[in-house]
Amino acid sequence: MQENDYFCTQNGKKLIRKGIYIRFFLLLLLATACQKKQEALTPPWGETTDSLPVGDNFDLADIQRNGELIALTLTGPETYYDYRGKHLGAQYLLAQRFADKLGVMLRMEVCTDSTEMLRRLADGEADLVIGPPAMQFTPAAGQALPLKNWLIGADKDDLKRELKAWYKPSLLAEVKKQEEFLLSARSVTRRVFSPMLNRAGGVISHYDGFFQRYASTIRWDWRLLAAQCYQESTFDPQAHSWAGACGLMQIMPGTADHLELARADMYDPEKNIAAAVRYLGELDHTFSDIADRQERTKFVLAAYNGGHFHIRDAMALAQKHGRNPRRWGDVEAFVLGLARPEYYNDPVVKYGYMRGTETADYVRKIHERWNGYRGVKTIRSGFAPNTVPQKAKRERKKKYQV
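Residue positions are given per chain, counting from 1 as you read along its sequence in written order. Residues qualify for local features only when their pLDDT is at least 70, as the model is predicted, and side-chain atom pairs are given and counted only at 80 or more; totals for whole chains, interfaces and linings, by contrast, use all residues. Calculation of side-chain values draws on the structure's entire complement of heavy atoms; hydrogens and water are dropped beforehand.

Engineer: Any chance you could explain the pattern of salt bridges here in plain terms?
Structural biologist: Note on definitions: salt bridges are taken to be side-chain nitrogens of Lys or Arg within 4 Å of carboxyl oxygens of Asp or Glu. Under the defined criterion, the tally for this structure stands at 27 salt bridges. In this structure, the salt-bridge partner of D257 is R263, at a minimum N-O distance of 2.7 Å. Buried, partly exposed and exposed residues are distinguished by accessible area as a fraction of the type maximum, computed with a 1.4 Å probe on protein chains only: under 20%, between the cut-offs, and over 50%, respectively. With a relative accessible area of 47%, R263 lands in the partly exposed category. Several salt bridges converge on common partners, so that one network encompasses E68, R107, E109, E116, R120 and E125.

Laid out in structure tokens, this is it:
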């Protein structure tokens, strides 16, 4: 080693040691500074406080000031469930009317069981608990009400008085009648056209050109798309439902926004069909784990009607019970099963209760109409009996009995 090399090496070691000393000194200063009492920083506009009270007594005036009524519930046909992107359930509709009376928004939060509901109510996380009608709470758990399956927090005397003054038994009958109407075909405003415009000429509707043009983009038979359209709107481009679904393919406003279909164009036949096909393509991708395209089509149609999250729940149940989660004949049984507590309360189910009979009917009727358009005879035996839970099988046999 030359002298200059030795000098550089020694000088480098000195620089490294110097750097270590500097970092140690800076850390020591930082530790000393942290031990000193921090001075409170006051913004130029003065101190600010939360606009809501901090105390435990969060009663009616505070709820109205906050603009939100929070209710805890269980999923179920009588309490709270999702229906084509909207919320239903007689207890939910009743709670919504009460929230409207208070002039606030309603926030429903689903719990796993009554124990969770009571614990969260006691912890002040909600204003009231709404159970199924068969569930009755004891006064010790909170403040009992004329509705035995409702419970208000123990510290909310004003809210309790307001609800007792508002509630009348006739209200429950009113919301049940309202729900019955919303779930019926009467809630969809549409003209009913023939399912086939010219059978001899093979013309299904005035919109066959659009079906042919756009169905090819997702590799569907255009007659299947036509069959779905008839199921949705009976070929009425002005059809609309109480939930806000519009046009030939009954597209919801939120879905239209997602698909970049302008609200002003929702009743335009071509644009409505084109947007629906884009959505069908998205659902097809969602179920890309189903290799068989004919099977996948049934899952896509079911998801279009009932929501892909519910269909995934049914697939999880099918797998748990030893069925094939990628075969519609197996999964359909659990779509039907999601109307029963032992299924929608199963731990593998994430999205709760579902009106499964409607979705099963939807898929069946579209395929039967599609077969008719193709001149293919429908074989009902596709519903394999050995794939259906016994109670669901009996219910479906009764429903489909001619």
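From this point, the discussion proceeds with the structure in view.
Engineer: I tried to follow the packing of aromatic side chains on my own but got confused; where do I start?
Structural biologist: Two descriptors summarise a pair of aromatic rings, namely the distance from one centre to the other and the angle between the planes of the rings. Note on ring pairs: Phe, Tyr and Trp rings are taken, using the six-membered ring of Trp, and paired if centres are within 6.5 Å. Classes follow the plane angle, with under 30 degrees stacked, over 60 edge-to-face and the rest tilted. Counted by the stated rule, this structure contains 13 aromatic pairs. Aromatic pair Y81 and Y353: ring centres 4.8 Å apart, planes at 70 degrees, arrangement edge-to-face. Of this pair, Y81 sits in strand 2 (residues 81-83) while Y353 sits in the loop between helix 14 (341-344) and helix 15 (356-374), placing them 272 residues apart in sequence. For Y81, a relative accessible area of 4% gives the class buried. Look at Y353 and you get buried, because its relative accessible area is 8%. With centroids separated by 6.3 Å and ring planes inclined at 40 degrees, the aromatic side chains of F211 and F235 adopt a geometry described as tilted. Of this pair, F211 sits in helix 7 (residues 208-215) while F235 sits in the loop between helix 8 (222-233) and strand 9 (240-241), and the two are 24 residues apart along the sequence. Take F211: its relative accessible area is 0%, and that puts it in the buried class. An aromatic cluster of three or more residues is present, and its members are Y81, Y344 and Y353. In this description a helix means any DSSP run of H or I spanning at least four residues, a strand means any run of E spanning at least two, and both kinds are numbered starting from the N terminus.

Engineer: Is there a simple way to think about the packing of helix 3 (residues 90-102) against helix 6 (residues 169-182) in this case?
Structural biologist: If you want to describe how two helices pack, look at the angle between their axes and the distance between the axes. The axes used here are C-alpha line fits, helices contributing only the stretch in contact, and every angle between their N-to-C directions lies in the interval 0 to 180 degrees. One can describe the packing of helix 3 onto helix 6 by two numbers: an axis separation of 9 Å at closest approach and a directional angle of 120 degrees. Note on packing geometry: the crossing formed by helix 3 with helix 6 is right-handed. Where helix 3 approaches helix 6, its residues A90, Q91, L93, L94 and R97 are matched on the opposing element by L171, L172, E174, V175, K176, Q178 and E179. Under the convention adopted here, Pro, Cys and the residues Ala, Val, Leu, Ile, Met, Phe, Trp and Tyr are nonpolar, Asp, Glu, Lys and Arg are charged, and Gly plus all remaining residues are polar. Tallied by class, residues from the contact of helix 3 with helix 6 come to six nonpolar, two polar and four charged. Less than a right angle of anticlockwise turn of the near helix away from the far helix marks a crossing as left-handed, whereas a clockwise turn marks it as right-handed. Contact criterion: two residues are considered in contact whenever any of their non-hydrogen atoms come within 4.5 Å of each other.

Engineer: Help me understand helix 15, please; the structure alone is not making it clear to me.
Structural biologist: Quick reminder: α-helices carry 3.6 residues per turn. Residues three or four places apart thus point the same way. Under the convention used throughout, the expected extent of a helix is 1.5 Å for every residue step, that is, one less than its residue count. For helix 15, spanning 19 residues, the distance from its first C-alpha to its last is 27 Å, which sits close to the expected 27 Å at 1.5 Å a residue. For helix 15, the set of buried residues is G356, T359, A360, D361, Y362, V363, R364, I366, H367, W370, N371 and Y373. One or two steps after helix 15, the chain reaches G375, where phi turns positive at roughly 75 degrees.

Engineer: Where do I start with the side chain of S184 in this structure?
Structural biologist: Within the secondary structure, S184 sits in the loop between helix 6 and strand 8 (188-189). On the basis of relative accessible area, S184 is assigned to the buried category, the value being 18%. What qualifies as a polar contact is a pair of N or O atoms within 3.5 Å, subject to a donor-acceptor requirement within protein and to the restriction that residues adjacent in sequence count only when both atoms come from side chains. For S184, the side chain forms a polar contact with the main-chain oxygen of F181, separated by 2.7 Å.

Engineer: When you look at the environment of Y81 in this model, what are you seeing that I'm missing?
Structural biologist: In sequence terms Y81 and Y351 are 270 residues apart; their C-alpha atoms lie 8.5 Å from each other. With residues near it in sequence (within four places) discarded, Y81 still touches G76, K86, H87, L88, G89, E179, L183, Y353 and R355. Reaching out from Y81, the side chain makes a polar contact with the side chain of E179 at a distance of 2.9 Å.

Engineer: Would you take a moment to explain the nonpolar core for this structure?
Structural biologist: Soluble globular proteins tend to bury their nonpolar side chains together. We call a set of buried residues a nonpolar core when its members are Ala, Val, Leu, Ile, Met, Phe, Trp, Tyr or Cys and they connect through side-chain atoms within 4.5 Å of each other. Counting residues in each nonpolar core, the largest one holds 94 residues, and the members touching the most others are L69, L94, I273, Y304 and I311. Not counting residues within four places of it along the chain, the set of residues in contact with Y304 comprises R84, Q228, E232, M249, I251, A276, Y279, L280, L283 and Y362. One finds I70, C111, L121 and F137 within the second-largest nonpolar core, a separate group that totals 10 residues.

Engineer: Would you explain the packing of helix 11 (residues 293-306) against helix 12 (residues 308-320) in this entry?
Structural biologist: As a packed pair, helix 11 and helix 12 sit with axes 7 Å apart at the nearest point and diverge in direction by 125 degrees. Taken together, the axes of helix 11 and helix 12 lie oblique to each other. Here F299, A302, A303 and G306 of helix 11 lie close against helix 12, whose contacting residues are H308, F309, H310, I311 and M315. Partitioning the contact of helix 11 with helix 12 into residue classes produces six nonpolar, three polar and no charged. With respect to orientation, any angle under 35 degrees is reported as roughly parallel, any angle over 145 as roughly antiparallel, any angle of 65 to 115 as roughly perpendicular, and every other angle as oblique.

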